[in-house]
Amino acid sequence: MESLTDNDILPPLTIRSHHPDSKKEITLKLPIINGGMGVGVTGPELAAAVTNEGGGGVLTGVVLNYPFKEILGKYLDEEPYEANQLALAEWIATAKQKVNGGFIGVNLMVALHDFKELAFTAAKSKVDLIIAGAGLPMALPEIVSKFPDTMIAPIISSVKAARVMIRRWMSRGRPPDAMVYESIHHSGGHQGADLIEIENGEHQPEEVIGGVRKLLDENGLQDVPLIAAGGVWDKVDIKRHLAWGAQGVQMASRFLLTNEAGAEFGGISMFKKLFIENETPAILERSPAGLPGRAVLTPFSARFAYSKSEVEKEPHECPAVCLVSCEKKASIYCIAHHLTESLKNNYEEGLFFCGSNIGKPGVVKELLSVKELMYRLSHGEPVHIQPTQAIAEAV
Ligand SMILES: Cc1cc2nc3c(=O)[nH]c(=O)nc-3n(C[C@H](O)[C@H](O)[C@H](O)COP(=O)(O)O)c2cc1C
């Protein structure tokens, strides 16, 4: 059993721009950033709180127009892409104000039609770091080249993908400023792999983290931090990922269980209730993005689970025009709609993405403030809490 009073001090995390015209360098007191959670879960309240407690706060910049219109009635008259940009710029400005100009990152999906415009908007709004996944962000250095102080990080899930990204970006004279590795066996939401790779147990965290660290070092990128995501729940997990060769961690599911998550959309109480009460393992479901999605088993996700050999398409409109890979009205369902239903506490129709810790036995789940959570992540869980031994053994 892990000691409950953990006196080890976690190392800080430094990220610096590799743009030839920038000397920007940011050091976070704690090597912890929150994962972007689309749509709408990681807004300014959560991101600012994470930064103010010594970590790195990351906003989601994904398909903001739909929840803004549906829930807040804002930007009603705007076209989808303009509404996305307005909402993103507004969130970055609000979050920046809450952290007095401190660190704010944004998570974007390459698979979005307006990825380029959103990345440009984020950089123009002076975001510190763009983390881009759901596809490899090949052209990101060119998109933000006029903004030397906007740092950029691709999300990769294998050593091979890391190699492709390093080669491509270095050939453009702009190595990555950080790399985020998401484990396909543990992370919530879309996975950067085929179902078969997940089923075959390929790309295990220890192997990929070690491999990517080696690759970065071999390319002279010793100062580029590798940030590991997926299945990180407590200080024990953080230390394990650092020991494997990561310089920081990105955590999402545990941050969803904070008062600040989804604050802009009423606090997303059903999401939090499901995370706390759910005892069924997370499932993999089909997504119109063409990637497997890890989610809580609910009436909606069950309809599109991979465990079912056939699924029935759901007739729908295409109000947010979000994914490049989506065949709009012809695709299996509208993901923007079902993700927004989860923000509206709709148990039946919401799509509740989650990491593998949700539904795993032995995981201590409580709703905390970000302040309390960050304290626990840097000091260990309080004595009355049992450690997440089940996770430690399973990874
Ligand atoms: C509700 C939810 C929504 C997510 N949305 C996104 C997203 O929009 N873009 C993305 O790159 N990752 C997304 N993720 C993945 C997280 O950012 C993170 O890397 C991953 O969940 C880490 O694993 P953990 O949840 O076990 O901590 C999402 C995860 C969750 C739980």
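Residues numbered from 1 in each chain as written. Predicted model: local features only at pLDDT ≥ 70, side-chain atom pairs only at ≥ 80, totals over all residues.

Q: Hey, could you run me through the overall build of the protein in this one?
A: Helices and strands together make up the secondary structure of the protein, namely 15 helices and 13 strands. Along the first, second and third principal axes, the C-alpha set of the protein runs to 50 × 50 × 40 Å. The buried share of the protein, reckoned over its 395 residues, is 54%. For the protein, restricting intrachain contacts to residue pairs at least 6 apart in sequence, the fraction spanning at least 24 positions comes to 66%. (Helix = DSSP H or I, 4+ residues; strand = E, 2+ residues; numbered from the N terminus. Buried ≥ 20, exposed ≤ 12 C-beta atoms within 10 Å, placed from the backbone. Contact = placed C-beta atoms within 7 Å.)

Q: How should I be thinking about the site of the ligand in this particular structure?
A: Around the ligand sit 29 residues, and of these G35, G38, G188, S253 and G355 come closest. Where the shell around the ligand is concerned, the elements lending two or more residues are β5 (104-109) and β11 (248-251). By residue class, the composition of the shell around the ligand is 12 nonpolar, 16 polar and 1 charged. (Near = placed C-beta within 6 Å. Nonpolar A, V, L, I, M, F, W, Y, C, P; charged D, E, K, R; others polar.)

Q: Which parts of the structure should I look at to understand the sheet that holds strand β10 (residues 226-229)?
A: Strand pairing in a sheet relies on backbone hydrogen bonds, with the paired strands running either antiparallel or parallel. Within the open sheet, the 8 strands sit side by side as β3-β11-β10-β8-β7-β6-β5-β4. Their pairing is parallel. Edge positions in the sheet fall to β3 (32-34) and β4 (57-60), since each of these pairs with one other strand and no more. Pairs of neighbouring strands in the sheet enclose a mean axial angle of 25 degrees, with direction left out of account. Relative to β10, strand β8 (residues 179-182) runs parallel, the two being bridged by 4 bridges. Its bridge partner being in β10, E182 is matched across the sheet by A229. Packing against the sheet, helix α4 (residues 115-124) makes contact with β5 and β6 (129-133), and its axis sits at approximately 175 degrees to β5. Relative to β10, helix α8 (residues 205-218) is tilted by about 165 degrees, and along the sheet it contacts β8 and β10. (Pairing = 2+ DSSP bridges. Axes fitted to C-alpha atoms, helices over the stretch in contact; angles between N-to-C directions.)

Q: How should the pairing of β6 be read in this particular structure?
A: The side chains of a regular strand alternate between both faces of the sheet. For β6, the tally of buried residues reaches 5 of 5 residues, placing the bulk of the element in the interior. The pairing of β5 with β6 spans 5 bridges and is parallel. Bridge pairing in β6 places N107 opposite I131. Regarding the hand of the β-α-β motif, the stretch spanning β5, α4 and β6 is right-handed. Pairing between β6 and strand β7 (residues 151-156): 4 bridges, direction parallel. Looking at the pairing, I131 lines up with A153 of β7. (Right-handed = clockwise from strand over helix to strand, strands pointing away.)

Q: What should I look at first to understand the packing of helix α2 (residues 65-72) against helix α13 (residues 335-343) in this one?
A: The geometry of a pair of packed helices is captured by two quantities: the angle between their axes and the separation between those axes. Running from N to C, α2 and α13 cross one another at 50 degrees; their axes reach a closest spacing of 10 Å. The angle between α2 and α13 falls in the class oblique. Crossing of α2 over α13 shows right-handed handedness. In this structure, α2 contributes Y66, P67, E70 and I71 to the contact, and α13 contributes A336, T340 and L343. Broken down by class, the residue content of the contact of α2 with α13 amounts to 5 nonpolar, 1 polar and 1 charged. (Parallel < 35°, antiparallel > 145°, perpendicular 65-115°, else oblique. Left-handed = near helix turned anticlockwise from the far one by under 90°.)

Q: Looking at this model, I keep getting lost on the domain arrangement of the protein. Mind explaining?
A: Interface size is commonly expressed as the accessible surface area that is lost when the partners come together. When the domains of the protein are assigned, the result is domain 1 (13-266 + 364-377) and domain 2 (271-343). Summarising the inter-unit geometry, the C-alpha centres of domain 1 and domain 2 are found 22 Å apart. At the interface, 29 residues of domain 1 touch 23 residues of domain 2. If you list the elements that add at least two residues to the side of domain 1 that touches domain 2, you get α2, β9 (189-190), α7 (195-199) and α10 (253-256). Here the element with the most residues in the side of domain 1 that touches domain 2 is α2; it accounts for 5 residues. (Domains from an automatic or database assignment.)

Q: Help me out: how do you make sense of α8 in this one?
A: Helical geometry: 3.6 residues make up each α-helical turn, so side chains three or four residues apart lie on a common side. The end-to-end C-alpha distance of α8 is 20 Å, a good match for the 20 Å that 14 residues give at a rise of 1.5 Å each. All buried positions along α8 are accounted for by P205, V208, I209, V212, R213 and L216. End-on, the buried residues of α8 take up no more than an arc of 125 degrees, which puts them together on one face. Opposite the buried face of α8, at more than 90 degrees from it, the exposed residues are K214, D217 and E218. In the core, the buried residues of α8 are packed alongside α6 (159-171), β8, β10 and α9 (235-243). Note on α8: the residue one or two positions beyond its end, G220, has a positive phi of about 75 degrees. (Expected span 1.5 Å × (residues − 1). Arc of directions from axis to C-beta.)

Q: Would you take a moment to explain the packing of α6 against α8 for this structure?
A: Where α6 contacts α8, the two axes come as close as 9 Å, and the packing angle between them is 20 degrees. Comparing their axes, α8 and α6 come out roughly parallel. Seen along the crossing, α6 lies across α8 with a hand that is right-handed. Residues V159, A162, R163 and I166 of α6 lie in contact with α8, whose contacting residues are V208, G211, V212 and L215.

Q: How should I be thinking about α6 in this particular structure?
A: Along its 13 residues, α6 runs 18 Å from first to last C-alpha, staying within 8% of the 18 Å computed at 1.5 Å per residue. Of all the residues in α6, the buried ones are A161, A162, M165, I166 and W169. Each buried residue of α6 sits inside an arc of 130 degrees when the element is viewed along its axis, so together they form one side. Of the residues in α6, the exposed ones pointing more than 90 degrees away from the buried face are R167 and S171.

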